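Each chain is listed here by its residues.
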Amino acid sequence: MTKTATKIANHLSEQEPVLKAFQGSHIRLAREILMGGGNETTDDEPDWQKLLSWASVFSQSDLDEHVELALIASISALLTASTEPEMARQAAIFILESCSNTPTVKLAQDRGIVKPLAGPSRLPTLIRLYQRRFQHFIFDDFEGSVLPVTHFQERIWDALGREMDAALSAPTSAGKSFILIRWLAQSLLSSEPNAIYAYVVPSRALIGQISRNISKMLLDHGIRPRIVTLPSLFQESQARQTILVMTQERVERLLSVNSSISMKTIIIDEAHKLGEGPRGVILQRVIDDVLARSGDCRVVLAAPHAENADVLLPREVSLDTVQDSCIITDSRPTVLQNLIWVTPIPRRPARWNISLIKEQKIGDLGEIQLEGRPTGKKKRLAALAYQLGGDHGGNIVFTNGPAEAENVALLISGHLESSLNPEMVDAEVADLVKLVKDSVHSLYPLGKTLPYGIGIHYGDMPEICRREQERLFDEGKLSFLVCTSTLLEGVNLPCRNLFVWGPRQGRGRPMTEHEFWNLAGRAGRWGREFAGNIFCIDVMNENQWPNGAPYSRHARKVTHSGSKLFDNIKEFRNFSRSEDPAGASREKRYFEQILGELIGAHLDGRNISSIGWAHLGTEEQIKEIQDIVESTVGKITAPPELVKRHRGINPILISEFFDYLQSLPPQQAEEYMPMSPDMPDAMHVLSNNLHLIDEYLGGEFGNGAQRNLKAKITIDWIRGLPLGRIISERIKYLETQKTIRIPNEIRTVIKLINDNARYLIPKYLSCYSDCISHWFADIGRDDLAIEVGEIQDMLESGVAERTMIALISLGLSRTAAVEVAGHIPSSELSVDEVIAWLKGRQLETYSISPVIIREIDTALKTADFI
């Protein structure tokens, strides 16, 4: 049937009257969506009987472009049909069911556009409807029921049931995460009582989201695995299933100190990041390490729409033996997306033309006159977003950096000043405003924009602020979210309208086509909106869009970071032979990660060919790399366990530092003690540690003043000082030195914490501490060795007190943990004791922010998973 339908659909799609009918329907729909019901004329209304008959054929085709036409006609009928509306809408429902688009059908029923079928007279229709609906389904073992899904989701489910590696690829909003989490939950029913699963995410921001999604899925079904988000919280158990939800760096750290961990399955979210620089190397290293420990571990990789998803598979043998069903790709649309260009009209700077685009221009949707004749990109972006999306909500405005995000958000709020009624501000938004002013700074721009329903979202901001904004936006209590490229890190935050103007990914780097479409995938909330709008502004301006104006989505070509080595073997050889390995490592972080990976594999007794990307090279290239590795191993004098544990640092540098320590007089041992947060002179000690790290281990912590600043902020951070106090002290100091812009300094402090206290310092200080511990043991100073503690998790989470760590382990943000710990008399409570304390208190009596209380309530609901 599908092949026949495809042939007929191909014939129809070549007929000009057919294409014009669908284009007219699409324009009509886009105008309806933009005008919010303002399309009252019927003179351009399609012949619904013909259009929907054609759409029914397109819905059965196996070509994406045909399915999209069926989606356009169906949604247009639901929203715009005024002649024979009952017939048109019921036909649209059948077509959507044919496309397995049940969420959109339910949306139409929830909004009263169509009525659910009922009654004896409609029984035959109802039977046909359910026959269509259950063409694609999965069995829900929890409830013993059948769950309708898309064809793509059904294929994923079937593949996961066959105990093979799987590479999954589809655009954002295709439902990959939903199926993966549901499958993970159901697989626990039949797994061993001590089975370990890993769900690897690309950013810290996603850890909480995925953990909550898994907990929600399991909460009502009596399954209580342990969900672990920090390596230090992992406890080996023979009677408790465990799910690790971590970044690749955290998983690597856990593996480095727990040699007995063997996993049943590892799921890699946003797997295309295997090809993105040093972090891609770390991700591949984690996969290789897991497979080296347990060859029967399942690897499941999920990525955005890719043309060569097979490259993601971790084992060469998989490419030869795995069935096609385990390389599952799909590009069928589940949500209708309107690509809309907004272009300035020549010599009329306040007037802009709005056009609907698909491969080529379909038609004009109208013009817009900007109020107040704004000048400059930021003012115009704010004005366009306000005028095109302000009445509807669900708007994401993309900007190229935190400062620009704050400026644009403030400009949008300026358009709303006259309409703001303080008494009408949502109570939960008002709670967040107070929290921002109390816990960050009274002049933080977010506190100014939130009352207008405008959020600001970027990486270097407090986790509790980012997390609460995501919730408020998702619930419709914020109308705008002005964001940066942080949103590309897999944060599941769909919207109704997305506004993009000259997008960049990182400082000064134009966003590639695939990055743009990954971002654009957020437009359209499946089951919550009938369509998403992507507003691309000033697309004919080559300075703003140097990679060209966006026309249509194409599959990306994915790679492995390690495979890039094959084109740079000569340079890599020079790197390994450098007379200044510290300087070379600072210049070539990619080579540093690769060398650490290759040397670590060699020391583990593994051949280079066992590394996940090695099969992409020739035998000659592999031999050349093997020669470089063997030559380098001869220079390594440090204990192998040191080198293997710190594969992200040049092994030659580790050896040089180890040799330096061995040359020191034993009586100087105490001068080299690593920082501990309870040291009275911790800042001075850490600054000295960083100086030695820069000199011997390839760190980049700057001159003396810069090291002192980073050390002070890090010590304040790990000792649990409230973020607002750290910021205020820094601003107070700077105000004595120069004129400052407070919003800039707030961002600078948070960035220093995220880049240094939470990432670089833990990475290097851990290696420094391990080297020192070995030296202490060698010179007989066991009394000092036992004083060297593991502080990586403490630094990353920003707390050292046992009670605070217990609160963090519940899933609380640092802001919440610091606030609550201030009301708990004991600093040494365990997780169970903290839970008991929280459950036995009326937290409102402590004047704790309602935002934090809501976070605690959410955490306590999932306390059984700790």
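Residues numbered from 1 in each chain as written. Predicted model: local features only at pLDDT ≥ 70, side-chain atom pairs only at ≥ 80, totals over all residues. Heavy atoms only, no water.

Caption draft 1: How the structure looks around the overall build of the protein chain. For the protein chain, the helix and strand inventory stands at 35 helices and 17 strands. Considering only C-alpha atoms, the protein chain reaches an extent of 95 × 65 × 60 Å along its principal axes. Looking at the protein chain as a whole, 57% of its 866 residues qualify as buried. Considering only contacts within the protein chain whose residues lie at least 6 apart along the sequence, 71% involve residues at least 24 apart. Between the averaged position of the 94 positive side-chain charges in the protein chain and that of its 110 negative side-chain charges there is a distance of 5 Å. (Helix = DSSP H or I, 4+ residues; strand = E, 2+ residues; numbered from the N terminus. Buried < 20%, exposed > 50% of the residue type's maximum accessible area, 1.4 Å probe, protein only. Contact = heavy atoms within 4.5 Å. Lys, Arg positive; Asp, Glu negative; His and termini not counted. Charge placed at Lys NZ, Arg CZ, Asp CG, Glu CD.)

Caption draft 2: Main features of the layout of surface pockets. As a volume, the second largest pocket reaches approximately 980 Å³. Around the second largest pocket, the lining is made up of 42 residues, and of these E65, E68, K358, E359 and S552 lie nearest the centre. Elements supplying a minimum of two residues to the lining of the second largest pocket: helix 2 (16-35), helix 4 (64-80), strand 10 (336-345), strand 11 (348-358) and strand 12 (360-369). Considering each element in turn, the lining of the second largest pocket owes the most residues, six residues, to helix 4. Split by residue class, the lining of the second largest pocket holds 18 nonpolar, 16 polar and eight charged. (1 Å grid on protein atoms, 1.4 Å probe; cavity = no way out; pocket = protein on both sides within 12 Å on 5 of 7 lines; lining within 4 Å. Points joined across faces, edges and corners; volume = space filled by probe spheres on them. Nonpolar A, V, L, I, M, F, W, Y, C, P; charged D, E, K, R; others polar.)

Caption draft 3: Main features of the packing of helix 22 (residues 589-603) against helix 23 (residues 619-633). Taken N-terminus to C-terminus, the directions of helix 22 and helix 23 make an angle of 80°; their axes are 10 Å apart at the nearest point. Taken together, helix 22 and helix 23 sit at an angle that is classed as roughly perpendicular. Along its contact with helix 22, which presents L595, L598, I599 and H602, the element helix 23 presents I625, Q626, V629, E630, T632 and V633. Considering only residue class, the contact of helix 22 with helix 23 consists of six nonpolar, three polar and one charged. (Axes fitted to C-alpha atoms, helices over the stretch in contact; angles between N-to-C directions. Parallel < 35°, antiparallel > 145°, perpendicular 65-115°, else oblique.)

Caption draft 4: Layout of the sheet that holds strand 14 (residues 454-457). Spatially, the eight strands line up as an open sheet ordered 12-11-10-17-16-13-15-14, and their pairing is mixed. What marks the edges here is a single partner per strand, and that holds for strand 12 and strand 14. On average, each strand axis in the sheet is tilted by 20° relative to the strand beside it, whichever way the strands run. For strand 10 and strand 17 (residues 531-537), the ladder comprises seven bridges, and the chain directions are parallel. Across the sheet, N338 pairs through a bridge with N533, a residue of strand 17. Helix 14 (residues 377-389) rests against strand 10, strand 11, strand 12, strand 13 (395-398), strand 15 (480-483), strand 16 (497-500) and strand 17 of the sheet, and its axis sits at about 160° to strand 16. Running over the sheet, helix 15 (residues 402-416) touches strand 13, strand 14 and strand 15 and is turned about 175° from strand 14. (Pairing = 2+ DSSP bridges.)

Caption draft 5: Spotlight on the sheet that holds strand 8 (residues 298-303). Reading across the sheet, the seven strands line up as 5-6-4-7-8-3-9 and stay open at both edges, with parallel pairing between neighbours. Looking at strand neighbours, the two that pair on one side only are strand 5 (226-228) and strand 9 (327-329), the edges of this open sheet. Adjacent strand axes in the sheet meet at a mean angle of 15°, parallel and antiparallel pairs treated alike. Strands in contact with helix 10 (residues 204-219) are strand 4 (196-200), strand 5 and strand 6 (242-246); relative to strand 6, the strand with the most contacts, it is inclined by about 155°. Across the sheet, helix 12 (residues 277-293) touches strand 4, strand 7 (265-268) and strand 8, and the angle it forms with strand 7 is around 165°.

Caption draft 6: Expanded view of the environment of S59. Mapped onto the elements of the fold, S59 is located in helix 3 (residues 48-59). Along the chain, S59 and I95 lie 36 residues apart, while their C-alpha atoms are 6.5 Å from each other. Those residues in contact with S59 that lie beyond four places of it in its chain are A70, I95, S98, C99 and R332.

Caption draft 7: Empty space enclosed by the protein, seen in detail. All chains considered together, the criterion is met by six cavities of 30 Å³ or more. Its volume calculated, the largest cavity comes out at about 80 Å³.

Caption draft 8: Fine view of the pattern of salt bridges. Tallied over the full model, the rule gives 45 salt bridges. The shortest N-O distance in the salt bridge between R285 and E252 comes to 2.5 Å. Here E252 lies in helix 11 (residues 248-257) and R285 lies in helix 12, a separation of 33 residues in the sequence. For R285, a relative accessible area of 4% puts it in the buried group. With a closest N to O distance of 3.9 Å, D460 and K751 form a salt bridge. One end of the pair, D460, is in the loop between strand 14 and helix 18 (463-474); the other, K751, is in helix 29 (residues 742-778), with 291 residues separating them in the sequence. Each of E428, D431, E468, R471, E475, K477 and R854 takes part in a single network of salt bridges with overlapping partners. (Salt bridge = Lys/Arg side-chain N within 4 Å of Asp/Glu carboxyl O.)

Caption draft 9: The environment of C99, seen in detail. With respect to the helices, strands and loops of the structure, C99 is situated in the loop between helix 5 (85-98) and helix 6 (102-110). Sequence separation between C99 and T150 is 51 residues; the distance between their C-alpha atoms is 7.5 Å.

Caption draft 10: Spotlight on the side chain of S355. Position of S355 among the secondary structure elements: in strand 11. A distance of 2.9 Å separates a polar atom in the side chain of S355 from a polar atom in the side chain of N353. Setting aside anything within four residues of it in sequence, one finds S355 in contact with L339, I340, W341, K361, G363, D364 and L365. (Polar contact = N/O pair within 3.5 Å; in protein donor to acceptor, adjacent residues only side chain to side chain.)

Caption draft 11: Local environment of the packing of aromatic side chains. Under the criterion given, the structure shown has 19 aromatic pairs. Look at F22 and F58: their rings are 5.3 Å apart centre to centre, the planes differ by 70°, and that puts the pair in the edge-to-face class. Placement of F22 in helix 2 and of F58 in helix 3 is noted, with a sequence separation of 36 residues between them. F58 sits in the buried class, given a relative accessible area of 0%. Taking the ring centre of W717 as reference, the NZ or CZ of R814 above it sits at 4.0 Å. (Phe/Tyr/Trp six-rings, centres within 6.5 Å; stacked < 30°, edge-to-face > 60°. Lys NZ or Arg CZ within 6 Å of the ring centre and 35° of its normal.)

Note that every value here comes from positions in space, so none of it alone points to a role or purpose.
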